[in-house]
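# Summary of the model geometry
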Amino acid sequence: MTEKGSKTIMRSFIEPGKLVWVILSLVIIVAFFTSPNFFMPRNLRNIFLIQPIGFGLAALGQSFVVIAGGIDLSVGAAISLMTSLGAGIMKSYPGVSPVLMILVFIAMGIAVGAINGYIVVILRVTPIMATLATMNIFYGLTLIYTKRTIGGVPHEYRVISDGRIWGTPFCVIWFLVVFFLCYLILNKNKLGKYIYAVGSDDEVSRLSGINVRKTKFLAYVIGGILVGLASAFLTARLGGGGPEVGRFYELQVIAAIVIGGVSLAGGRGNLFSVLGGVLILTLFANIMNLLDLNPFTQIVLQGLVLILAVAFYSKKRAG
Amino acid sequence: MAGREGQYILEFRNITKEFPGVKALDKVSFSFRYGEVHALCGENGAGKSTLMKILSGVYQPTSGEIIYKGEKREFRNPHQAQLSGISIIYQEFSLIRNFSVVENVFLNREPANRFGHLNRKKARQVTQALLEEIGFDLDPDKKVEDLTVVQQQVVEIIKALSVKADVLIMDEPSAALTDKEVRKLFEIIKTLRGKGVTVIYISHMLEEIFEICDRVTVIKDGQVIGTNDTRDTNKDELIRMMVGREIEDYYPDRPPKSDKVLMQVRQLGKGRKLSDISFELFLGEVLGVTGMVGCGQTLLAECLLGIERKDGGEVFINGERREVHTICDAIEYGMGYLPADRKNMGVLGPMSVKENITLANLKSYLKNGFLNKKREKKDSTEQVSLLNIKTPTVESIMRNLSGGNQQKVVISRWLLKQPRIYIIAEPTRGIDVGAKVEIYKIIRGVANEGNAVIMISTDLPEIIGMSDRIMVMNEGRIEGIIDQHEATATEEQILSLAVGHQYNI
């Protein structure tokens, strides 16, 4: 191989979207040496199939928002609010059908996304301020509604996360379908093109006749729906909901998409790599658990990882 | 198209455009034929761009009519003009950098089914076909950020053509291109003309106009001077049409020539944009630097000041070689900079006049780590009366001052700092006549006090009136330096240097 060729290959791996797979392999190797328990089938199934789902759905939602040039800091609080409300509804009406409940979660997600979108697009509040404020509002509303975890989610609903078809966890199929839909919208659809265009350069987009505000608003709504679905899944998996469920989620979700190569400046990123970022952070959390690290230390380390990731990518972009 | 030969596709009738306080266009009337390449030329600020913005729907005329294909039309927005077949290629490209060629060409017009599912294959085919049509080889899947400037230009052209343009406006299309690339562009333009497209070609490059254009219209001060067949005219006539105005004499007197060199620049270069820049700056002089917009004057200033990194070359100040890496170095070596973009780069709008005056010099007002407010106030009050800055008090908010007074504040900021070398860009842009005269006096004043001024301006009367010597740039090179101690330069002389044409008087 010529020097130029190998250089090109090196460079293509340093590209944020591809680098994520290199890091993922490294993390798996590290995991292998950290704990013999890592490769236990049960642990593997957990970290590769079950744990990333709620987190992954939220990260997909964040990707839409960030690629469109926004950001959503209210994810965590929104998840706390929606899981609490969802669990509360099921406690009050134990016979409610799971399908109806999922629709309720989606509706709540649309509401959350529309609120964020409205504040950013119509009221023209910068995304960071808008969602910082709604984060407070959602979290406060959660605490007004309940101070503690609400359990007692009926068995029929928990099938969403625990049920299986031909040995495959139901939620995995569920996730793959949602992921495929997101992929279609973002990569194969007009709306997706506009989301990238608006996130890259809203002035050029405007001159090209794209409805910039509508596009941004829809990105927030799609983001909201995905957070709603994440809440639906988490409620099923945990068997309940509460103020603590979404705690620190915003940071993790943003870390995952940044590691997955989504540019916080907007317009760049792809969903497959986001999935890689999600897996890396899940593995990272798993390793810390297997090492028996103090949960508060874990939070500190997650913050550090985010700073490292962002610093690395911004340095790369700068040259 | 043969049947419509000689007929007009587009007519301007008495187009007038007024902005608050300025008449940018004054009863402009002329017409374009089917399938011609029609050049539009004039000095900076003559009104060419305003006229094109009216045609492409960005601005609405104050009065007057546009007759397009035999009908009276109004274009309320760019989209409407585009749908009617009028496309414009702006000077700054309007492409999304991380999108591919195909994606840019079809931005907002993506072929898709009714669910919005994209038909990439079709978009790619059409793009490919357009590329073949204009005879340019380019990978449609490449990202725009990986393309050369001429390739990006081609993407813009294809984007404009993909909506079936009958009129294509090109605003300074060659400004960023190398000679070879310009050849390529001309071939494309000829192909387009062959297909009956009317091309409106805006350029400062007279050579180009004679090579590619069928007719040329000259605009000056918002009025049409005339339209000529390029066969029946010549460069000298065009230049005369573009200039021809009296130079008013409100400029201060020039002092005798000095031969003490304050700064010397040798072989400075930066990429393709600046090359082989060598000149001297004499003590006590005002060195005017001029040329058409984008000829490299601003970049030269930024390289001298360390805002942009130069590729090579040496700078000597007072005979000593100085490496200027940042603007702080530049200030350290005695330079002061008044940028052209006063609003964004020179003025802190929400802060007070006083704070704006002392900004670059705060260190000297520190006493035990605190600002000596009293002295700050005294000095700024002094400056206000010295430069005759019209403001209620020094505590007034900067934003509320007029443009001329804001400019004086920015100047006084540097006066306090007492640099030796002032680099001043467009000192009187957007400033009324009264304030202009005062600013000219100040500039002459600082030069006389044993300093030197590099004054960058595209305003020719100002350059001629103020400069001891005039350095004319063209495409990143010094085309010539005119010493006004011998004889006052004429606008024709400067303009012909600026467009790279030896004008014989």
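Residues numbered from 1 in each chain as written. Chains lettered and ligands numbered in written order. Predicted model: local features only at pLDDT ≥ 70, side-chain atom pairs only at ≥ 80, totals over all residues.

Right, let's get into the overall build of chain A. Summing up its helical and strand segments, chain A has 15 helices and two strands in all. For chain A, buried positions account for 45% of its 319 residues. Considering only intrachain contacts with a sequence separation of at least 6, the fraction spanning at least 24 residues in chain A is 79%. (Helix = DSSP H or I, 4+ residues; strand = E, 2+ residues; numbered from the N terminus. Buried ≥ 20, exposed ≤ 12 C-beta atoms within 10 Å, placed from the backbone. Contact = placed C-beta atoms within 7 Å.)

Residue and element names in this part refer to chain A. Most of helix H13 (residues 249-259) is tucked away, with 10 of its 11 residues classed as buried. Taken together, the buried positions of H13 are Tyr249, Glu250, Gln252, Val253, Ile254, Ala255, Ala256, Ile257, Val258 and Ile259. Looking at the residues trailing H13, positive phi occurs at Gly261, about 90 degrees.

Residues and elements named next belong to chain B. Examined bridge by bridge, strand S21 (residues 469-474) and strand S22 (residues 477-483) share six bridges and lie antiparallel to one another. By the bridge assignment for S22, Arg469 is matched with Asp483. From the end of S21 to the start of S22, which pair antiparallel, there are two residues, and Glu475 there has a positive phi angle of about 50 degrees. (Pairing = 2+ DSSP bridges.)

Attention shifts here to the confidence of the model for chain B. Mean pLDDT for chain B: 83, with 92% of residues reaching 70 or above. In the predicted assembly, ipTM is 0.72 and pTM is 0.68. (pLDDT = per-residue confidence, 0-100.)

A few words on the interface of chain A and chain B. With 15 residues of chain A at the contact, the number on the chain B side is 16 residues. Listing elements by their share of the side of chain A that touches chain B, those giving two or more residues are helix H10 (190-200) and helix H11 (202-207) of chain A. Of the residues assigned to the side of chain A that touches chain B, the class counts are five nonpolar, five polar and five charged. (Nonpolar A, V, L, I, M, F, W, Y, C, P; charged D, E, K, R; others polar.)

What follows is about the environment of B:Val197. All names here are of chain B. Mapped onto the elements, Val197 comes out in the loop between helix H6 (179-194) and strand S8 (198-202). Here Val197 falls in the buried class, since 24 other C-beta atoms lie within 10 Å of it. Linking Val197 and Ile9, residues 188 residues apart in sequence, is a C-alpha distance of 10.0 Å. Ignoring anything within four residues of it in the chain, the contact list for Val197 reads Gly35, Ala165, Asp166, Leu168 and Leu192.

On to the sheet that holds S21(B), then. Residue and element names in this part refer to chain B. One open sheet holds the six strands; their spatial order is S16-S19-S20-S13-S21-S22, and the pairing between them is mixed. Both outer strands of the open sheet, strand S16 (335-338) and S22, are each paired with one neighbouring strand and no more. Neighbouring strand axes in the sheet, compared pairwise and without regard to direction, differ in orientation by 20 degrees on average. Bridging between strand S19 (residues 421-425) and strand S20 (residues 452-456) involves five bridges; their strand directions are parallel. Bridge pairing links Tyr422 to Val453 in S20. Packed onto the sheet, helix H9 (residues 297-304) meets strand S13 (286-290), S19, S20 and S21 and runs at close to 150 degrees relative to S19. Contacts from helix H14 (residues 403-417) reach S16 and S19, with the element oriented near 175 degrees to S16. (Axes fitted to C-alpha atoms, helices over the stretch in contact; angles between N-to-C directions.)

Note: strands within a sheet are paired through backbone hydrogen bonds, in either parallel or antiparallel orientation. Residue and element names in this part refer to chain B. Taken together, the six strands give an open sheet; going across it, the order is S6-S7-S8-S3-S9-S10, and neighbouring strands pair in mixed fashion. Each end of this open sheet is capped by a strand with a single partner; those strands are strand S6 (86-89) and strand S10 (223-229). Averaged over all pairs of adjacent strands, the angle between strand axes in this sheet comes to 20 degrees, irrespective of strand direction. Across six bridges, the pairing between strand S9 (residues 215-220) and S10 is antiparallel. In the strand pairing of S10, Val218 is matched with Gly226. Across the face of the sheet, helix H1 (residues 48-55) comes into contact with strand S3 (37-41), S6, strand S7 (167-171), S8 and S9 while running at roughly 150 degrees to S7. Docked against the sheet, helix H8 (residues 235-242) engages S3, S9 and S10, running at close to 25 degrees with respect to S9.

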